[in-house]
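# Observations on chain architecture
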Amino acid sequence: MPKRRRSSKAAEKKAGNRDLQVERFERRDLGKDIRAAGGLRPIRKTLPTSIILEQDLIDKLRKKAAKRGLGYQTMLKLIVREHIDEY
């Protein structure tokens, strides 16, 4: 089925609306919206590391992480961060 072409007036109107949306977006300060959403996390310098774990430990991490909607590596980082001061 061939695509219908828009009339030039309709295309111009759509382009004009798009330009207006872009203009409004670029004028708006989104900082307040981002902060209000609570999605900001501090940026920490991270370094890759390797650790050898038994398969059963990885399986447990994956199960617990899945219940929270996380990956197992993220879950492991949370556990380490919460309990590092105990040692």
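The rules behind these values
- Residues numbered from 1 in each chain as written.
- Predicted model: local features only at pLDDT ≥ 70, side-chain atom pairs only at ≥ 80, totals over all residues.
- Heavy atoms only, no water.
- Phe/Tyr/Trp six-rings, centres within 6.5 Å; stacked < 30°, edge-to-face > 60°.
- Lys NZ or Arg CZ within 6 Å of the ring centre and 35° of its normal.
- 1 Å grid on protein atoms, 1.4 Å probe; cavity = no way out; pocket = protein on both sides within 12 Å on 5 of 7 lines; lining within 4 Å.
- Points joined across faces, edges and corners; volume = space filled by probe spheres on them.
- Nonpolar A, V, L, I, M, F, W, Y, C, P; charged D, E, K, R; others polar.
- Helix = DSSP H or I, 4+ residues; strand = E, 2+ residues; numbered from the N terminus.
- Expected span 1.5 Å × (residues − 1).
- Buried < 20%, exposed > 50% of the residue type's maximum accessible area, 1.4 Å probe, protein only.
- Arc of directions from axis to C-beta.
- Contact = heavy atoms within 4.5 Å.
- pLDDT = per-residue confidence, 0-100.
- Patch = residues over 30% accessible without salt bridge, like charges linked within 9 Å, V, L, I, M, F, W, Y side chains within 5 Å.
- Areas by Shrake-Rupley, 256 points an atom, 1.4 Å probe, with all protein chains shown as cover.
- Salt bridge = Lys/Arg side-chain N within 4 Å of Asp/Glu carboxyl O.
- Lys, Arg positive; Asp, Glu negative; His and termini not counted.
- Charge placed at Lys NZ, Arg CZ, Asp CG, Glu CD.

## A short note on the packing of aromatic side chains
One pass over the full model with this rule turns up 0 aromatic pairs. Across from the ring centre of Tyr72, 4.6 Å away, lies the NZ or CZ of Arg62, which sits over that ring.

## Remarks on the layout of surface pockets
Left-over empty space is what a probe sized like a water molecule reveals as it rolls over the atoms. Volume-wise, the largest pocket comes out at about 990 Å³. Lining the largest pocket are 20 residues, with Thr46, Gln73, Lys77, Leu78 and Arg81 positioned closest to its centre. Its residues assigned to classes, the lining of the largest pocket shows 10 nonpolar, 4 polar and 6 charged.

## Some words on helix H3 (residues 55-68)
For H3, which comprises 14 residues, the first-to-last C-alpha distance of 20 Å matches the rise-based estimate of 20 Å (1.5 Å per residue) to within 8%. Among the residues of H3, Ile58, Leu61 and Ala65 are the ones counted as buried. Along H3, the residues classed as buried sweep out an arc of 60 degrees about the axis, all on the same side. Residues Lys60, Lys63, Lys64, Ala66 and Lys67 are exposed on H3 and point more than 90 degrees away from its buried face. Packing partners of the buried residues in H3 comprise helix H4 (72-83). Gly69 occupies a position one or two residues after H3 and carries a positive phi of about 75 degrees.

## Digging into the confidence of the model for the chain
Parts of the prediction with low pLDDT should not have their coordinates interpreted in detail. Per-chain confidence: the chain averages 79 in pLDDT, with 64% of residues scoring 70 or above. The least confident element of the chain, judged by mean pLDDT, is helix H2 (residues 31-37) at 65; the most confident is H3 at 94.

## Remarks on a positive patch on the surface
Taken together, Lys60, Lys63, Lys64, Lys67 and Arg68 make up a surface patch of like positive charges. Relative to the elements of secondary structure, Lys60 occurs in helix H3. Taking the relative accessible area as the measure of exposure, Lys60 reaches 54% and is therefore exposed.

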